[in-house]
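Working through the structure, step by step
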Amino acid sequence: MNETECEPGALSHEDAATYAAWFKALADPMRVRLLNLLAAERRAMTVGEIVERLPIGQSTVSHHLRILAEVRFVLAERQGTSTRHEVNGACLECFPAAVRAIMGQA
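The numbering scheme is per chain: residues are counted from 1 as the chain's sequence reads. pLDDT decides what is reported in this predicted model: residues at 70 or higher carry local features, side-chain atom pairs at 80 or more are listed and counted, and totals for whole chains, interfaces and linings draw on all residues regardless. Values reported for side chains reflect all heavy atoms of the structure, with hydrogen atoms and water molecules removed beforehand.

**Notes on the pattern of salt bridges**
In the sections that follow, a salt bridge refers to a side-chain nitrogen of Lys or Arg positioned within 4 Å of a carboxyl oxygen of Asp or Glu. Taken as a whole and judged by the stated rule, the model has five salt bridges. The salt bridge involving glutamate 41 is made with arginine 43; its shortest N-O contact spans 3.1 Å. Working definition: with a 1.4 Å probe on protein chains only, accessible area under 20% of the residue-type maximum means buried, over 50% means exposed, and in between means partly exposed. Look at arginine 43 and you get partly exposed, because its relative accessible area is 33%.

This is the structure:
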């Protein structure tokens, strides 16, 4: 994602593809809940910490995190033997602008 994706204007094919991928990643209620948890915590969390807070198992959390990371909603950082996941604030700041662009309000 780059800064120009947040600027108002005509919706390009590239932007449309990016926004479609974002909405596809958010099409699962558990991914929305997972993203909400990370945003509310305002800190990086391990998969184990997430599993303690959501009613799903480790492999399912990892699967959802991978999908959210592919569209850059979530960033993963290795710390020793574990990986910590956090919300990508820059991406989430662009999301409202993307919605406005899609709705022709940009």
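**Examining the packing of helix α2 (residues 29–41) against helix α4 (residues 58–70)**
Packing of α2 against α4 leaves a shortest axis separation of 10 Å and a crossing angle of 80°. Viewed along their axes, α2 and α4 adopt a mutual orientation that is roughly perpendicular. Packed against α2, whose contacting residues are Met30, Arg31, Leu34 and Leu38, the element α4 presents Val61, His63, His64, Leu65, Ile67 and Leu68 at the interface. Residues that form the contact of α2 with α4 fall into these classes: seven nonpolar, two polar and one charged. Here, axes are lines fitted to C-alpha atoms. For helices the fit covers the stretch in contact, and angles between N-to-C directions go from 0 to 180 degrees. Only DSSP runs of H or I covering at least 4 residues are called helices, and only runs of E covering at least 2 are called strands; the numbering of each starts at the N terminus. Under this scheme an angle from 65 to 115 degrees is roughly perpendicular, one under 35 degrees roughly parallel, and one over 145 degrees roughly antiparallel; angles in between are oblique. Only heavy atoms matter for contacts: two residues are in contact if any of them lie within 4.5 Å across the pair. In this count, Pro and Cys sit with the nonpolar residues alongside Ala, Val, Leu, Ile, Met, Phe, Trp and Tyr, while Asp, Glu, Lys and Arg are called charged and the others, Gly among them, polar.

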